[in-house]
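Commentary on secondary and tertiary structure
If you want the building blocks of each chain, they are given just below.
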Amino acid sequence: MHGPSLNLLGTREPAIYGTKTLAQIDAMLVAYGRERGVEIVTYQSNHEGDLIDRIHAAAAEKCHAIVLNPGAYSHTSMAIADAIRSVATPVVEVHLSNIFARGPERARSLTAAESRGLVSGFGHESYLLGIEAALRITRVPKRRGENPSRRRGAKKPSSALARRPRS
Ligand code: DQA
């Protein structure tokens, strides 16, 4: 799940955030999930309330984990922090940049404080590491050889979450 202005990845401050577009990153995450036997659904919004609604929906959908880059809302949004607190679904916060190396205003994350953990500073790899962390902490048994996207009745991807297919 990606927060504000992450839709502009690729052209937004490439020296800090890299040159991959959000679509390229999302495709990479979905492919990685497929390799690992999990369904990854992706979502981006520039709006605080929409991100909150998607966190609630992910919990209602019984997603196994949420991998969340709240963007600048990390540093300001008590409302997103409260949404994270409000659901049992574990949240792994990720940042492309190292937020601790970018000045005091970015060195505090209200949302990370309510998340299970934080991956920050590895560019787009932060998302993969975040998914890896989500898989490890959720400990859902791995099922070999299943392609979740081919499951009957599989929901169309609409948010950024690691979800094990259920039988
Ligand atoms: C970011 C870091 C935030 O401080 C910034 O506001 C972003 C991107 C990152 O991924 O490095 O929007 O979340």
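To start, this report covers the structure provided alongside it. Just so you know, these numbers come straight off a predicted model, no measurement behind them.

Parameters at a glance
Residues numbered from 1 in each chain as written. Predicted model: local features only at pLDDT ≥ 70, side-chain atom pairs only at ≥ 80, totals over all residues. Buried ≥ 20, exposed ≤ 12 C-beta atoms within 10 Å, placed from the backbone. Helix = DSSP H or I, 4+ residues; strand = E, 2+ residues; numbered from the N terminus. Arc of directions from axis to C-beta. Contact = placed C-beta atoms within 7 Å. Near = placed C-beta within 6 Å. Nonpolar A, V, L, I, M, F, W, Y, C, P; charged D, E, K, R; others polar. Core = buried A, V, L, I, M, F, W, Y, C linked by C-beta atoms within 7 Å. Expected span 1.5 Å × (residues − 1).

This paragraph deals with helix 5 (residues 78–86). Three or more residues of helix 5 are buried, namely Ile80, Ala81, Ala83 and Ile84. In an axial view of helix 5, the angular spread of the buried residues amounts to 155°, which keeps them on one side of the axis. Every exposed residue of helix 5 that faces more than 90 degrees away from the buried side is listed here: Met78 and Arg85. If you follow the buried residues of helix 5, they end up packed against helix 3 (48–60), helix 4 (73–76) and strand 3 (91–95).

Inspection of the region around the ligand gives Ser5, Asn69, Gly71, Ala72, Ser74, His95, Leu96, Ser97, Ile99 and Arg106 as its neighbouring residues. Residues of the shell around the ligand, tallied by class, amount to three nonpolar, six polar and one charged.

The next point concerns the nonpolar core. A general trend in soluble globular proteins is that nonpolar side chains are found buried together. In terms of nonpolar packing, the biggest core is built from 34 residues, with Ile66, Val67, Val92, Tyr127, Ile131 and Ala134 touching the most fellow members. At the level of secondary structure, the elements contributing two or more residues to this core comprise helix 2 (22–36), strand 1 (39–41), helix 3, strand 2 (65–68), helix 5, strand 3, strand 4 (117–120) and helix 6 (125–138). Residue contacts for Tyr127: discarding those within four places in its chain leaves Ile25, Leu29, Val67 and Val94.

Turning to the environment of Leu110, a few remarks are in order. Here Leu110 is to be found in the loop between strand 3 and strand 4. A residue is classified by how many C-beta atoms lie within 10 Å of it, and Leu110, with 18 of them, is partly exposed. It is 5.8 Å that separates the C-alpha atoms of Leu110 and His75, two residues lying 35 residues apart in sequence.

What follows covers helix 2. Taking 1.5 Å of rise per residue, the 15 residues of helix 2 would be expected to cover 21 Å, and the 21 Å separating its terminal C-alpha atoms lies within 8% of that figure. Considered for burial, the residues of helix 2 that qualify are Ile25, Asp26, Leu29 and Gly33. Projection of helix 2 onto a plane perpendicular to its axis shows the buried side chains occupying an angular sector of 100°, all on one side. For helix 2, exposure combined with an orientation more than 90 degrees from the buried face picks out Ala31 and Glu35. After helix 2 finishes, the residue Gly37 shows a positive phi value of roughly 75°.

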